[in-house]
Each structure stands twice: as C-alpha cells, then as structure tokens.
Amino acid sequence: MRRQLPLLVEEATDISTEARSRFSDVRARIEFLMANDLDFRGADTGYATHHLHSFAARFPPQLPRYFIEALTDPEEIVLDPMVGSGTTVVEAALLGRKGIGIDLDPLAILISKAKTTPVAFEALLEAGKRVLTCTHRLLKDGLNIGDVLSPDPATEDFVQYWFLPRTQQELTALVQAIREESSPSIRRFLLVILSSIIVTKSGGVSLARDLAHSRPHRDMDKSVPSALELFQTRFRRARPDNSLPVGSSIIIHGDAQHLPLPTESVHLVVTSPPYANAIDYMRAHKFSLVWMGKSIQELSQWRSRHIGSEKIHPIEMENLPSLAQNVVRELSTQDSRKARVLARYFAEMTNVLREVWRVLRPGAAAIFVVGTSTIRGINVQTHLCLTEIATHVGFEMVRIAERRLDRDRRMMPARQGGNRSTIEQRMHHEYVISLIKPESR
Ligand SMILES: C[S@@+](CC[C@H](N)C(=O)[O-])C[C@H]1O[C@@H](n2cnc3c(N)ncnc32)[C@H](O)[C@@H]1O
C-alpha cells in the first residue's frame, strides 16, 4: 500500500532499514522500496551542500539516499553517469559509500566537485572577506574584462548582449579576486556561489528574463541586482559541509556512453538522464560558464554531444526495439526532424544502458528516473521505451513506479525551441525504473 505521509530523510532511512532487515534478496528489497511513496513531497531538499546551486530537473536527495542506503554497504561504489548537480554523489558520501559522478557539462562538474569536497568553515569565511576586499579594490582601480573572458568575438558579443556594463565589471572583479585564492577547493566553492547568482529561474544578474523554461529573452527593463551584493548575500547563506568524508567522491568530465570505469566494478547506479527533446542545459549554463573562461564555440561543441541534443546523427533505426521504433515512426509522420532527434536520443540511451550494464556487478541494481515527453502531440512514453531498451541490453526490469513532482520547488528545464505550456503539461510526474543485472546470462 502506498504511504500517504511525505517522506522526510528519517523516514526514507526507516524504510531502507526495514527493506534491508526484511529481505536479503535484492529483487525483493527493490520491490518493497518501489511500492512505497517516492514523491518525497515536502521533504527538506536543502541540507548538507544540496542548497548550493539550482539545477534543472535535479532529484530530491531523499531519492538516491533511499536506494543507496537499502541496496549498498559502506565503502561500496555508487555511480551516477549523468550526475548533474551531484545529488547522488553527495548522498553516497554522506552515507559512507564511494560516489562516482560523470557528466559532459563543465558546470555540472564544477558544482558536483564543490558539493562533495569538504571545506573548513573558518577558512571559507576568511577567503570570503579577502575576495570582497579585493573585488572592491579592483573595481576602484579599474579592470579589463578581457582578463577573464575567452578572447574571441562570439564570447565577447554574448557577454555584451546579455550583461549590463556594470554587471560585467562586477563579475570580472569577483572572478579575478576568486582566482587569487590559493586553495582549489575554496576557489571552486566561491565560483559555484558566483554561478548561483547568474543561473537562476529569473536569469539572476544577467538581462535574461527566464533561464528556466524557454529560450531566454533579453529584457532591457529588468531591474538587475548588483552582482556584488547578491554574491555577498549568497555567500552568507552558503554552508560548506565538513561532515563529508575527504576523497570519498570522484567526479569525471566525460560521456556516459563511454564510461571510464572497469567492467563489473560498480555496486549501484542511481541516475536521471535528460528528458527526450526537453533539456538544453548549455543554453542556461553558458551564462555562467563564459565567466569561467569558456568560449561560446567550445560550449556549443559540448552541447551537441549531450543526450537529447538537437544535433542529428545518422541512426540505424532497426537496432532500436519495437516501442522506440514505433514512436519514432509515428512522430516522423508529423515532423521528420524531431523524429530523427528522438531516434538519436534512444540510440544514445542504448549506449548508456549498455555501459551501465557493463560496469555493474552481477546481481546489482540500476535506478533510472525519467520524465515522459509530449512531442507534436504524441506521448513518447520514454519510460516504457527505455525499459524495453534496458531488457534488450540484458537487464531484468523489477518495477516501474510513478512519482509526482513538487513543481513549486523545482527548477524546470529549458526546452529546445518550445513553449512553456507543453513543458508544464509534461512535468507533473516522472517515472522511476528499477533494473537488475542478472547474476548470469
Ligand atoms: C536530469 S540531469 C541530472 C540531474 C541530477 N540527477 C541532479 O540531481 O542534479 C541530466 C544530466 O545529464 C547530463 N548529460 C547529458 N548527456 C550526457 C552524456 N552523454 N554523458 C554524461 N552526462 C550527460 C546533462 O549534462 C545533465 O547534467
């Protein structure tokens, strides 16, 4: 029977403990876990370092915690091959497991590293004071934004278009002051705070009106807050977490389709891939990454490698299982371009599932959290298509459960070329797919 009460951290722990004590068999444990409430509505999602930076479509920390606690032992390896803002690896570290997080997005890597590296509170306070003093001095003495930006016209044009001159000055001074800090973990922590004042639903200190839902629009009438004041406010609120064990997490800039990990080395995977045709992380993240010296061209190249991106590659349709083939065919009668984008999504997710299967130990579980999408009026049923692909790859499906989204609290992803109403239609719920790699094939 589904529980009615919201699951808070302690409750997630209680159920995980009950699953462990009642069932020694992994499959039975997963069945028990999946039959409970996975909504985690009303739960505190900002503890430890989870509050540091917003991130589209991240999951509540209770979700990975719940599965990690029930399905692994301390010191075992938990992998998130599309780690985003690092929720899974933070929870793995807090529970004494070894977390490995992989992502293609440089901002995801920066945030995940900052969230999983312990930083001494006193040292951070001192660094914050130094950075503010240095920023004021630089602003007084004059500075050159070319010292922090990539030296190419596209990046410069982007910054001129999206940021007011005074904001450009403040951000340049802050970045330069942060660069003077000698400790890499403190620099990273401060850069994440800086990024958190740019990448927000409202477009933060940029002139973008809406970075969360749609193609950003420049609003010259926007009342842009002072970057320096906002940085100070965010800094005061940010809490490093010293309880994180040193060296418990590994964060790698890489592609989930080619995992740089040995075969049968991982005890559990908990991950949430991008939505089919929905997420354009780079569109929002480049607003922050340009201030870290990345060029617009470099970021576009990364973007085209993202799963779900609109760049089309030739796909062997006959390699996809029937549900995926059918929905791609149905869509191609409405929009052949979108059908090819969807075919690419399924082909790339096949590669990810194959790699996850390879690195998992026999008998271990993989938990995939996916949203479904409506494209040109067609309900794509991504969860069913991915489950079918997973079983083709060799997984056993245990159960699919639906979870409702806490829409008021969640930053929704930007959709490629789409409007808000379609996204809102789609985002009321998502699915949790539980899979097991069988002991022997
Ligand atoms: C839904 S988000 C993950 C959010 C994460 N669960 C969290 O709580 O923050 C999906 C992530 O997949 C990443 N991604 C997309 N294509 C990828 C690829 N080929 N390899 C690795 N990561 C990829 C995106 O950059 C994004 O960070």
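This one's a predicted model, so the numbers in the text were calculated from it and none came from an experiment. (Residues numbered from 1 in each chain as written. Predicted model: local features only at pLDDT ≥ 70, side-chain atom pairs only at ≥ 80, totals over all residues. Heavy atoms only, no water.)

Q: Mind showing me how you'd approach the site of the ligand here?
A: Looking at the ligand, there are 23 residues lining it, with Ser85, Thr87, Asp103, Ala256 and Ser272 nearest. Ser85 places a polar side-chain atom, nitrogen or oxygen, 2.6 Å from an oxygen atom of the ligand. Asp255 places a side-chain nitrogen or oxygen 2.9 Å from a nitrogen atom of the ligand. Within the complex, 100% of the 610 Å² of free accessible area of the ligand lies under protein. Put simply, the ligand lies in the largest cavity. Of the residues that constitute the shell around the ligand, the class distribution is 12 nonpolar, six polar and five charged. (Near = heavy atom within 4 Å. Polar contact = N/O pair within 3.5 Å; in protein donor to acceptor, adjacent residues only side chain to side chain. Areas by Shrake-Rupley, 256 points an atom, 1.4 Å probe, with all protein chains shown as cover. 1 Å grid on protein atoms, 1.4 Å probe; cavity = no way out; pocket = protein on both sides within 12 Å on 5 of 7 lines; lining within 4 Å. Sits in = over half its atoms within 2 Å of the grid points. Nonpolar A, V, L, I, M, F, W, Y, C, P; charged D, E, K, R; others polar.)

Q: Even after reading the chapter, I still don't get the side chain of Asp80, so can you show me in this structure?
A: Here Asp80 lies in strand β1 (residues 77-80). Despite being buried, Asp80 has no salt bridge partner; Lys115 is the closest side chain of opposite charge, sitting 10 Å away. Sequence-distant contacts of Asp80, defined by excluding residues within four places in its chain, comprise Phe59, Thr88, Ile100, Gly101, Ile102, Val270 and Thr271. (Helix = DSSP H or I, 4+ residues; strand = E, 2+ residues; numbered from the N terminus. Buried < 20%, exposed > 50% of the residue type's maximum accessible area, 1.4 Å probe, protein only. Lys, Arg positive; Asp, Glu negative; His and termini not counted. Salt bridge = Lys/Arg side-chain N within 4 Å of Asp/Glu carboxyl O. Contact = heavy atoms within 4.5 Å.)

Q: When you look at the domain arrangement of the protein chain in this model, what are you seeing that I'm missing?
A: How big an interface is tends to be expressed through the accessible area that disappears when the partners come together. Domain boundaries assigned for the protein chain yield domain 1 (9-104 + 248-279 + 308-436) and domain 2 (121-237). Centre-to-centre, using C-alpha coordinates, domain 1 lies 32 Å away from domain 2. (Domains from an automatic or database assignment.)

Q: Help me out: how do you make sense of the pattern of salt bridges in this one?
A: In a structure, side chains of opposite charge can pair up when their charged atoms sit close to one another. In the structure shown here, the tally under the stated rule is 16 salt bridges. As a salt-bridge pair, Glu181 and Arg130 come within 2.7 Å of each other at their nearest N and O atoms. Here Glu181 is found in the loop between α8 (165-179) and α9 (184-196), whereas its partner Arg130 is found in helix α6 (residues 121-141), with 51 residues between them in sequence. The residue Glu430 makes a salt bridge to Arg403 at a minimum N-O spacing of 2.6 Å. A residue pair is termed long-range when its members are at least 10 positions apart, and Glu430 in strand β9 (residues 429-436) and Arg403 in strand β8 (residues 396-404) qualify at 27 residues.

Q: How should I be thinking about helix α15 (residues 382-393) in this particular structure?
A: Residues that lie three or four places apart on an α-helix share one face, since the helix turns once every 3.6 residues. When the terminal C-alpha atoms of α15 are compared, their 16 Å separation across 12 residues agrees well with the 16 Å that a helix rising 1.5 Å per residue should span. In terms of burial, α15 is largely enclosed, as nine of its 12 residues are buried. What α15 keeps buried is the set Thr382, His383, Cys385, Leu386, Thr387, Glu388, Ile389, Ala390 and Val393. Turning to α15, the residues buried within the fold contact α13 (322-332), α14 (336-359), β5 (360-371), β8 and β9. Looking at the residues trailing α15, positive phi occurs at Gly394, about 125 degrees. (Expected span 1.5 Å × (residues − 1).)

Q: Mind showing me how you'd approach the pairing of strand β2 (residues 98-103) here?
A: Successive residues of a regular strand alternate their side chains across the two faces of the sheet. The element β2 is extensively covered by neighbouring structure, given that five of its six residues are classed as buried. Across four bridges, β1 lies against β2 in parallel orientation. The partner of Val78 across the bridge, within β2, is Gly99. With respect to chirality, the unit in which β1 leads through helix α4 (residues 87-94) into the neighbouring parallel β2 is right-handed. Examined bridge by bridge, β2 and strand β3 (residues 249-253) share five bridges and lie parallel to one another. When the sheet's bridge partners are listed, Ile102 is paired in β3 with Ile252. (Pairing = 2+ DSSP bridges. Right-handed = clockwise from strand over helix to strand, strands pointing away.)

Q: Would you mind going over the sheet that holds β3 with me for this structure?
A: Within the open sheet, the seven strands sit side by side as β3-β2-β1-β4-β5-β9-β8. Their pairing is mixed. Either end of the sheet is taken by a strand with one partner, and the two such strands are β3 and β8. Within the sheet, the average angular offset between the axes of one strand and its neighbour, ignoring direction, is 15 degrees. Contacts from helix α2 (residues 26-34) reach β5, β8 and β9, with the element oriented near 15 degrees to β8. Lying on the sheet, helix α3 (residues 62-71) is in contact with β1, β4 (266-271), β5, β8 and β9; it crosses β4 at an angle near 165 degrees. (Axes fitted to C-alpha atoms, helices over the stretch in contact; angles between N-to-C directions.)

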